[in-house]
Amino acid sequence: MISVAFPRTVVRTGAALFALWALSFALSYVPLGPAALPVAIGIAAVKAALVVAFFMELLHGTLSMKLTLLAAGALLAFLIGLMVADIATREPPPLVPFGTHAGRPTADLPTR
Amino acid sequence: MTTMPLEPSSAMPGSRAASPTYLGVDTTIRSWLLTTDHKRIGVLYLVSMLFALALGGFFAMAVRLEHLSPNTTVMSAMAYNRFFTLHGVIMVWLFLIPSIPSSFGNFLLPIMVGAKDVAFPRLNLLSWYLYMAGSAVVLVSMFVGGIDTGWTFYTPYSTYSPTAIPLALFGVFIIGFSTILTGLNFIVTTHTMRAKGLGWLRMPLFVWSIYATSIIQVLATPVLGMVLIFVVLDNGFSWGFFDASRGGDPVLYQHLFWFYSHPAVYIMVLPGMGVVSEVVTSFSRKNPFSYKAIAYSSIGIAFVGFLTWGHHMFVSGMSRFDAGAFGVLSMLVAVFSAIKVFNWTWTLKKGAIALKTPLLYIFAFLFLFVFGGMTGVAVAAMSLDVHWHDTYFVVAHFHFIMVGGTLTAFVAGLHYWFPKITGKMYSERWGVLSAALVFTGFFATFFPQFLLGNAGMPRRYYTYPPEFQALHLVSTVGSWVLALGMMITLVYLLHAIWWGPPAGPSPWGSRSFEWRTSSPPPQHNFTRTPSFELDPYDYSRPMPEEGE
Amino acid sequence: MTAGAQLAADEVSSQGEVEELEGHFESLEQQAQAARLGMWVFLATEVLLFGAAFALFISYQVHYPGAFRQSIEHNAKVLGTVNTGVLLTSSTLVAGAVHALRGGNRRWSSWLLAGTIGLAFVFLGIKATEYAKHFAEGIYPGGAGHFFVEHHERGTAEFWTLYYLMTGLHAVHVTIGIGVLGVLLVKIVRGRIGKLSAHKLEVGAIYWHLVDVIWIFLWPLFYLA
């Protein structure tokens, strides 16, 4: 009966998940510098995709179910993208407020 | 779909025993409070939200009264801050967001797709109770200090405001669940419960607008929920999570708040557009100029509306890169609304126009929505918004859309579907009079505010320079006319419920599916299920017989 | 509906389980499809709910990479990793439970489901241990606690506030999942849910997988990178 409960997809997906889990853990001890976060998230994304596709069986789901998840994911990606872009592209505030000139004529200040 | 009659007593033609309507089947209070009938739930929502509209209107009138004179008129500055905040919170979450979807959407969507009810009727009832519970919490918060942050709860002030922030925001949070449940129900109903033979491209356009609205409700509201959790805990425990002096970034709050609140305005306006599509086709006795354009543009608005939120943040300290991106995307979303307006106008052209009250409100909608929409495109231009942000110009813009658009469409829908919901007809003469008062009052209230804002009058300010008084005076008097029109409407509609002449199944001659059953409908929507293979806008054929 | 139509519309399995058709649906197939789509729509709301918090996390990490890196190093990596393994196992078990029920084997299904619930309790226990450890160190949400007197670098308080809020909210969802799966377990054991109504377990299992997926992303952000 165990094969009824655990068909090949479930066994293989479970095995893949544990393998990636171990990989993630091992890599956390390797100094990857700034690549550490993207790598960790990337592995997480693969694991999530496996759970969604094979445990939640979205591959066999209807188009509506797939579009539902796709819409949520796409909008979330846009939210995160533009929030991070905001922080990453903000210019530092001016040291001297515009309009004042700390002893120099205003015309000498760089214009935007 | 089975055509087996549901009430055996009315299966025989000419049978004397009429199947009970959804109103008459059981008249106890318990049957209403425990109902799972989508029509009754729609009525429960309708009655509750009219109270919310009245309360929000009261706060609006008080704010306008205060502005009769440049300095203190009738209230203190602290009271003023609370009044405009509560006006916003109540109007947005207790009225506008649920307005058309939870009342007319609930009542009509299953009928329009040929279903006996929504997919999850008990969740539907739960959504009303959540709406009532959340509203009650917000009302309680009014009496324990209210809130004074503006309806946008900007940080860091909302963290430190000594008012009832945690309570009020918790109330809004609960209402958010109501919104999500409603949207979820409508999406699943539309996808899985359409009658046999009813394809997506033959549903009434109102269904498309409610469906698109439901997508927004389901995807945007959770983000509001999360950010409200943060603000409530921030205020309650003084976290300073968004306080720059403690390492926080207040602009992040605004990103999350507006990620919800911009799509929220499309939650508010899309259902109104659905009403416009129905009334325009019925009262010009024509099919829409392009069904697909209206249907697809609804979905377009739903998705592109999510991409534009930063245009509320042009002066917040957001980066120029983001500002540029949001500016361009905001221009894009206007295209879909324009497509609809052109479609409606072309539908009316050479139609057999019946100048009845619902259509009068729709004419008002078309005029006011275009005004509001074009000023929306104007404030989406960052270079202009820098001057207009936080002035009465923006206030006028969004009131033209929310009141001139959504409320007008809501009242149009109220008149259009009044006979279907109650089985009675109202007085057309009083309808026309009220429409004239509402339109005139609205325009007098809000048009001067464009001029005020452009001249520099800031919003949410308790006092103003004396040179602005004349325009404020016009605006306040306008609000009295608007309120009078709305109150007269309430009176003659209530009168008609009891003493109006009975309306038949289709007093307007509309071909849409809800008119193919009796007014009011029987409990299970249809006595004999009609064929859903007929077109809801086909005026070239004669009106189908009941059950045809 | 007449009594005759009612019985015809219901289905009876060989084990005596009766799958009831609710009055507003046209068929059992429609009812099952509605339940599945409804769960996926609900999942979409959860993606955006937690997503908003993830957006805050990533934004503050861009603001304060140093403070976040230090805080991650301070976190209980081994406990978090074990917890990840616990949830992955629970997901595998519940997937097995669904397949078993579809195959008509209620006994295997209930044991696997019980195993899933047991692992959920283990997860909560480990989480509680972690929280207790952090409280003992003086780490509380909102930058409260003596830890933040020594570690006052900007961003540290934000990290730990997000940690408590996001893992706390996740733990609430685990608890709800225990309730949902528990109710399903009782119904399976009593024979009220079986092969014909396996979609009900499927829908509950999808919710549990979501809880797992959320943690799959929480783990690297708070413990690894």
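Draft legend 1. Local environment of the overall build of chain C. Helices and strands together make up the secondary structure of chain C, namely eight helices and two strands. For chain C, the N- to C-terminal ordering of α and β elements is α-β-β-α-α-α-α-α-α-α. Here chain C has a C-alpha radius of gyration of 22 Å; the compact-globule value for 225 residues is 17 Å, and the former is much larger. If you line up chain C on its principal axes, its C-alpha atoms span 75 × 30 × 25 Å. Of all intrachain contacts in chain C linking residues separated by at least 6 positions in sequence, the fraction that spans at least 24 positions is 72%.

Draft legend 2. The arrangement of the overall build of chain B in detail. Along the backbone of chain B there are 16 helices and zero strands. Relative to the compact-globule value of 24 Å for 548 residues, chain B shows a C-alpha radius of gyration of 23 Å, a close match. Based on the C-alpha atoms only, the size of chain B along its principal axes is roughly 75 × 45 × 45 Å. The buried share among the 548 residues of chain B stands at 58%. Put simply, of all contacts in chain B between residues at least 6 apart along the chain, 83% involve residues at least 24 apart.

Draft legend 3. Structural detail: the packing of helix 12 (residues 357-380) of chain B against helix 14 (residues 392-422) of chain B. All names here are of chain B. At a minimum axis separation of 8 Å, helix 12 and helix 14 run at an interaxial angle of 160°. If you check the angle between helix 12 and helix 14, you find them roughly antiparallel. Like other packed secondary-structure pairs, helix 12 and helix 14 cross with a definite hand, here left-handed.

Draft legend 4. Molecular detail of helix 3 (residues 65-74) of chain C. Residue and element names in this part refer to chain C. For helix 3, the set of buried residues is A67, F68, S71 and I72. Summarising the axial view, the buried residues of helix 3 lie within an arc of 135°, below the 170-degree limit, and thus occupy one face. Exposed residues pointing more than 90 degrees away from the buried face of helix 3 are listed as G66 and E73. Elements in contact with the buried residues of helix 3: helix 2 (28-63), helix 7 (156-189) and helix 8 (198-224).

Draft legend 5. Up close: the environment of C:S109. Residue and element names in this part refer to chain C. Along the polypeptide, S109 turns up in helix 5 (residues 106-137). Separated by 18 residues in the primary sequence, S109 and K127 have C-alpha atoms spaced 27 Å apart. What S109 contacts, discounting residues up to four positions off in sequence, is A97, A100, L101 and I188.

Draft legend 6. Inspection of the confidence of the model for chain C at higher detail. Residue and element names in this part refer to chain C. Looking at chain C as a whole, its pLDDT mean stands at 91, while 92% of the residues score no less than 70. A low-confidence stretch, residues 1-9 (pLDDT under 50), is modelled with two contacts involving residues beyond four sequence positions or located in other chains. Across the assembled chains, the prediction reports ipTM 0.92 with pTM 0.93.

Draft legend 7. How the structure looks around the interface of chain C and chain A. The interface of chain C with chain A comprises 38 residues on the first partner and 38 residues on the second. Listed by contribution, the elements that provide at least two residues to the side of chain C that touches chain A are helix 2, helix 4 (77-102), helix 5 and helix 8 of chain C. Per-element tally for the side of chain C that touches chain A: the top contributor is helix 2 of chain C, with 15 residues. Taken together, the residues of the side of chain C that touches chain A break down into 23 nonpolar, 13 polar and two charged.

Draft legend 8. Inspection of the interface of chain C and chain B at higher detail. Across the contact, 27 residues belong to chain C and 32 residues belong to chain B. Of all elements in the fold, only helix 2 and helix 7 of chain C reach the threshold of two or more residues within the side of chain C that touches chain B. Residue contributions to the side of chain C that touches chain B peak at 17 residues, all from helix 2 of chain C. Looking at the side of chain C that touches chain B, its residues break down into 13 nonpolar, 11 polar and three charged.

Draft legend 9. Focus on the environment of B:T85. Residue and element names in this part refer to chain B. Here T85 is to be found in helix 3 (residues 77-96). A tally of 23 C-beta atoms within 10 Å means that T85 is categorised as buried. Along the backbone, T85 and F371 are 286 residues apart, and their C-alpha atoms lie at a distance of 25 Å.

Draft legend 10. The arrangement of the nonpolar core in detail. Core analysis: the largest hydrophobic core is formed by 265 residues, its most contacted members being B:V223, B:V227, B:L256, C:A52, C:A53 and C:A97. No other element matches the 21 residues that helix 9 (residues 250-284) of chain B contributes to this core. Built from parts of two domains, this core gets at least three residues from each of domain 1 (1-59) and domain 2 (61-92) of chain A.

Draft legend 11. Fine view of the packing of helix 2 (residues 8-27) of chain A against helix 3 (residues 36-55) of chain A. Residues and elements named next belong to chain A. The contact between helix 2 and helix 3 brings their axes to 10 Å, and the two run at 170°. When the axis of helix 2 is compared with that of helix 3, the two are roughly antiparallel. From helix 2, T9, T13, A16, L17, L20, L23, S24 and L27 reach across to helix 3, where they touch V39, A40, I43, V46, K47, L50, F54 and F55. Class assignment of the residues belonging to the contact of helix 2 with helix 3 gives a composition of 12 nonpolar, three polar and one charged.

Draft legend 12. Inspection of unusual backbone geometry at higher detail. Residue and element names in this part refer to chain B. With omega at -5°, the peptide bond leading from T155 into P156 counts as cis. Here P156 shows up in the loop between helix 5 (121-143) and helix 6 (157-160). Phi is positive for S238, which is not a glycine, with a value near 50°. Within the secondary structure, S238 sits in the loop between helix 8 (205-237) and helix 9. Positive phi outside glycine occurs at N525, with the angle close to 80°.

Draft legend 13. Up close: the confidence of the model for chain B. Taken residue by residue, chain B gives an average pLDDT of 93. The fraction at 70 or more is 96%. Per-residue pLDDT stays below 50 along residues 1-17 of chain B; that stretch engages in 22 contacts with residues further than four places along the chain or on separate chains.

Draft legend 14. Structural context of helix 11 (residues 320-348) of chain B. Compared with an ideal rise of 1.5 Å per residue, which puts 29 residues at 42 Å, helix 11 of chain B spans 43 Å between its outermost C-alpha atoms and is within 8% of the ideal. Among the structural elements, helix 4 (63-89) of chain A together with helix 9, helix 10 (291-304), helix 12 and helix 13 (382-388) of chain B are those in contact with the buried residues of helix 11 of chain B. With its phi angle positive at about 60°, B:K350 sits one or two positions after the end of helix 11 of chain B.

Draft legend 15. Molecular detail of the environment of B:L359. Residues and elements named next belong to chain B. By the secondary structure assignment, L359 is in helix 12. For L359, a count of 22 C-beta atoms within 10 Å translates into the label buried. In this structure, the C-alpha to C-alpha distance between L359 and T281, residues 78 residues apart in sequence, is 10.0 Å. Aside from chain neighbours lying at most four places away, what touches L359 is V279, F283 and A354.

Procedures and definitions
Per chain, residue numbering runs from 1 following the sequence as it is written. Labels follow written order: the first chain is A, the first ligand is 1, and so on. The predicted origin of the model limits local features to residues at a pLDDT of at least 70 and limits the giving and counting of side-chain atom pairs to 80 or more, whereas totals for whole chains, interfaces and linings rest on all residues. Counting from the N terminus, the helices are DSSP H or I runs at least four residues long and the strands are E runs at least two residues long. For a compact globule the rule gives 2.2 Å times the number of residues to the power 0.38, and the radius of gyration it is set against comes from C-alpha atoms. Here the contact rule is simple: place C-beta atoms from the backbone, and any two residues whose C-beta atoms are within 7 Å are in contact. We call a residue exposed when 12 or fewer other C-beta atoms sit within 10 Å of its C-beta, buried when the count reaches 20 or more, and partly exposed for counts in between; the C-beta positions come from the backbone. Comment: axis = line fitted to C-alpha atoms, over the contacting stretch for helices; angle = value between 0 and 180 degrees taken between N-to-C directions. Note on terminology: angles under 35 degrees are roughly parallel, angles over 145 are roughly antiparallel, angles of 65 to 115 are roughly perpendicular, and the others are oblique. Handedness of each helix crossing follows the sense of rotation of the near helix against the far helix: counterclockwise by less than a right angle gives left-handed, clockwise gives right-handed. What the arc covers is the set of directions going from the helix axis to the C-beta atoms. pLDDT is defined as a per-residue confidence score from the predictor, taking values between 0 and 100. Amino acids outside the nonpolar list (Ala, Val, Leu, Ile, Met, Phe, Trp, Tyr, Cys, Pro) and the charged list (Asp, Glu, Lys, Arg) are all regarded as polar, and Gly is one of them. What we call a nonpolar core is a set of buried Ala, Val, Leu, Ile, Met, Phe, Trp, Tyr and Cys residues whose membership is set by joining through C-beta atoms within 7 Å. An automatic or database domain assignment provides the domain bounds reported here. Expected helix span is taken as 1.5 Å per residue step, with the number of steps being one fewer than the number of residues.

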